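One letter stands for each residue in the lines below.
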Amino acid sequence: MGLFKIKMSYLNFPIFLAFTLCLSACVSMTPEAEGVMVHHQMSNLLDNCERMGNVKGEASGWKHMSWSEVAQQAENNARDSAVLRYGADTIAVINSDRLGSRMVIQAIAFQCE
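Residues numbered from 1 in each chain as written. Predicted model: local features only at pLDDT ≥ 70, side-chain atom pairs only at ≥ 80, totals over all residues. Heavy atoms only, no water.

A. Spotlight on the overall build of the protein. The number of helices and strands found in the protein is three helices and four strands. Mapped in sequence order, the helices and strands of the protein form the string α-α-β-β-α-β-β. Across the 113 residues that make up the protein, the buried fraction comes to 31%. Sequence separation of 24 or more characterises 67% of the internal contacts of the protein that already satisfy a separation of 6 or more. (Helix = DSSP H or I, 4+ residues; strand = E, 2+ residues; numbered from the N terminus. Buried < 20%, exposed > 50% of the residue type's maximum accessible area, 1.4 Å probe, protein only. Contact = heavy atoms within 4.5 Å.)

Okay, structure coming up:
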């Protein structure tokens, strides 16, 4: 019986390894940030919104993430910053910079609803 348990644990190891790699390499977002709308430019759609302040999101180019995933993670971090700092429901991205292996997103937080 003990040998069977050991074999099963070896069979589960690849699943555990894949799950661990995904956690370390996948783009993530907090539940609060999921509700934040993103505009990729200032527009008249924001005219009736209250401007709350500036926010920034950063992400590093980890070995297991593509550049588009790094950019998405930086945007998600800006969304999270907006909701935590101001209670905002919208951001307008005004600048994005690639600094070596990092992406920095600068945005303005708004309350629109």
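B. Local environment of the sheet that holds strand β2 (residues 50-60). Read from one edge to the other, the open sheet built from four strands follows the order β1-β3-β4-β2, with strand pairing classed as mixed. Each of the sheet's edge strands pairs with one partner strand only, and the pair in question is β1 (37-39) and β2. Going from strand to strand, the sheet's axes swing by 30° on average, the running direction of each strand aside. Sheet topology note: the strand β3 (residues 90-99)/strand β4 (residues 102-111) ladder contains nine bridges and is antiparallel. Residue pairing in the sheet places Asp-97 in a bridge with Val-104 of β4. The sheet strands contacting helix α3 (residues 67-86) are β1, β2, β3 and β4, and the helix crosses β2 at an angle near 140°. (Pairing = 2+ DSSP bridges. Axes fitted to C-alpha atoms, helices over the stretch in contact; angles between N-to-C directions.)

C. Broad picture of the nonpolar core. Among the nonpolar cores identified, the biggest contains 17 residues, and Val-55, Ala-82, Ile-91 and Ile-105 are the most heavily contacted of them. Elements that contribute at least two residues to this core include exactly β2, α3, β3 and β4. Tallying contributions element by element places α3 first for this core, with five residues. Not counting residues up to four positions away in its chain, the partners in contact with Ile-91 are Val-36, Met-37, Val-38, His-39, Val-55, Glu-75, Ala-78, Arg-79, Ala-82, Ala-107, Ile-108 and Ala-109. In terms of nonpolar packing, the next biggest core, distinct from the first, is built from five residues, Leu-46, Cys-49, Ala-92 and Ile-108 among them. (Core = buried A, V, L, I, M, F, W, Y, C linked by side-chain atoms within 4.5 Å.)

D. Local environment of α3. Across its 20 residues, α3 extends 29 Å between first and last C-alpha, which sits within 8% of the 28 Å expected from 1.5 Å per residue. When α3 is considered as a whole, its buried residues turn out to be Val-70, Gln-73, Ala-74, Glu-75, Asn-76, Ala-78, Arg-79, Asp-80, Ala-82 and Val-83. Those residues of α3 hidden inside the fold are in contact with α2 (31-34), β1, β2, β3 and β4. At the C-terminal side of α3, Gly-87 shows a positive phi close to 70°. (Expected span 1.5 Å × (residues − 1).)

E. Examining the environment of Gln-41 more closely. You can see Gln-41 is positioned in the loop between β1 and β2. Residues Gln-41 and Ile-108, 67 residues apart in the sequence, show an inter-C-alpha distance of 10.0 Å. Not counting chain neighbours up to four residues away, the residues in contact with Gln-41 comprise Leu-46, Ala-92 and Val-93.

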